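Residue strings, one per chain:
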Amino acid sequence: MNKSELTEMLEAMWQDYLAMNPEARQIHQLFSDLNYQVINDHIALRTFDLEEVNIEQMARPFIQAGYEPAGEYHFKAKQLYAQHFQHRDPLLPKVFISQLMTESLSSDSQLLIHNMIAELEPEQLVADNLCYSGRAWDLSYTEYQQLLEQSEYAAWLAAFGFRPNHFTIFVNALTSHNSIGEVNQFLKDKGFRLNTAGGEIKGSVEARLEQSSTLANPVSVHFSDCEAEIPGCYYEFARRYPLDDGTLYQGFVTASADKIFESTDTR
Ligand code: NI
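Quick summary incoming for the structure in this document. Quantities reported herein were computed from a predicted structural model and do not represent experimental measurements.

1. Description of the coordination of the nickel ion
Summarising the metal site, the nickel ion is bound by the protein donors His42 (NE2), His166 (NE2) and Glu236 (OE), whose distances to it range over 2.1 Å. The sequence pattern formed by the donor residues of the nickel ion is H-x123-H-x69-E. A residue pair is termed long-range when its members are at least 10 positions apart, and His42 in strand β1 (residues 40-48) and Glu236 in strand β10 (residues 234-240) qualify at 194 residues. Overall, the relative accessible area of 2% leaves His42 in the buried class.

Laid out in structure tokens, this is it:
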């Protein structure tokens, strides 16, 4: 995959995300109206740890396009493992990919997930667009609820399939707002709801990263036995601070990301 193909893929992922999240489109427009440019700090992807679809598989097209692994993170309570990838070109978004430790679920749920993945055609598994191919399997609302009892993450992923979970506005590059607090106030004044798990602002100057996010808006999902509204995707905001050597911290903070995951909780 060359750079122009990568740009096309990122654009396709952005369009997929916007189509499912009218709120994200509104928020992006609000910031675009006030700024010369709105830069995306990172894209987040979710998957299972099964070898056909694990982080390594999802990262393949990005690696081919010049991305490199740049950090890894463990989320013990949520049974997740994540890695982030970045490109030499600082204008390209970082890619944060998490995977669920499938074996942490009940044997019924593990079987359900294995059967879902078995529905993917071999050519889909090796396609560059796997990470935004959506849901290629049948799922009933009952099965969704079964997964939900054990893992919000598993249920979200089963319902939506492989697609960007969120994009992230890089607050440092905004001229309209100087801090995460200002961004949060602006969004609340416009009527958007923020994820308050762990406080509206996650992280700190000392941690070199402050983040906040909206709460995922409800999306109508077609299940095999009914149609139901469940939390979809959200928009994130990140402000990065310099390390001692003067360069901006480019990693993630596990304790903050742990709370950001809860932006798609059904509550
Ligand atoms: Ni994020």
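Resuming the write-up.
2. Re the packing of aromatic side chains
What the rule picks out here adds up to 20 aromatic pairs. Look at Trp14 and Phe167: their rings are 4.9 Å apart centre to centre, the planes differ by 65°, and that puts the pair in the edge-to-face class. Taken together, the residues Trp14 in helix α1 (residues 3-20) and Phe167 in strand β5 (residues 166-170) connect sequence positions 153 residues apart. On the accessibility criterion, Trp14 (16% relative accessible area) is buried.

3. A closer look at the sheet that holds strand β3 (residues 80-86)
Taken in spatial order, the 8 strands of this open sheet run β2-β3-β4-β1-β5-β10-β7-β6, and their pairing is mixed. Unpaired on one side and paired on the other, β2 (68-75) and β6 (202-204) mark the two borders of the sheet. Between one strand axis and the next, the sheet turns by 20° as a mean value, whatever way the strands run. When β5 meets β10, the two strands line up parallel, connected through 5 bridges. Bridging across to β10, Phe167 finds its partner in Tyr235.

4. Some words on the packing of helix α6 (residues 141-150) against helix α7 (residues 152-160)
Put simply, α6 and α7 touch, their axes get as near as 6 Å, and they point 150° apart. On the basis of their axis angle, the class for α6 and α7 is roughly antiparallel. Contacts between α6 and α7 involve Tyr144, Leu147, Leu148 and Gln150 on the former and, on the latter, Glu152, Ala154, Ala155, Trp156, Ala158 and Ala159. Taken together, the residues that form the contact of α6 with α7 break down as 8 nonpolar, 1 polar and 1 charged.

Criteria and thresholds
- Residues numbered from 1 in each chain as written.
- Predicted model: local features only at pLDDT ≥ 70, side-chain atom pairs only at ≥ 80, totals over all residues.
- Heavy atoms only, no water.
- Donors = N, O, S within 2.8 Å, 3.2 Å for Na, K, Ca; no water.
- Helix = DSSP H or I, 4+ residues; strand = E, 2+ residues; numbered from the N terminus.
- Buried < 20%, exposed > 50% of the residue type's maximum accessible area, 1.4 Å probe, protein only.
- Phe/Tyr/Trp six-rings, centres within 6.5 Å; stacked < 30°, edge-to-face > 60°.
- Pairing = 2+ DSSP bridges.
- Axes fitted to C-alpha atoms, helices over the stretch in contact; angles between N-to-C directions.
- Parallel < 35°, antiparallel > 145°, perpendicular 65-115°, else oblique.
- Contact = heavy atoms within 4.5 Å.
- Nonpolar A, V, L, I, M, F, W, Y, C, P; charged D, E, K, R; others polar.

Bear in mind that shape data such as this cannot, by itself, settle questions of function.
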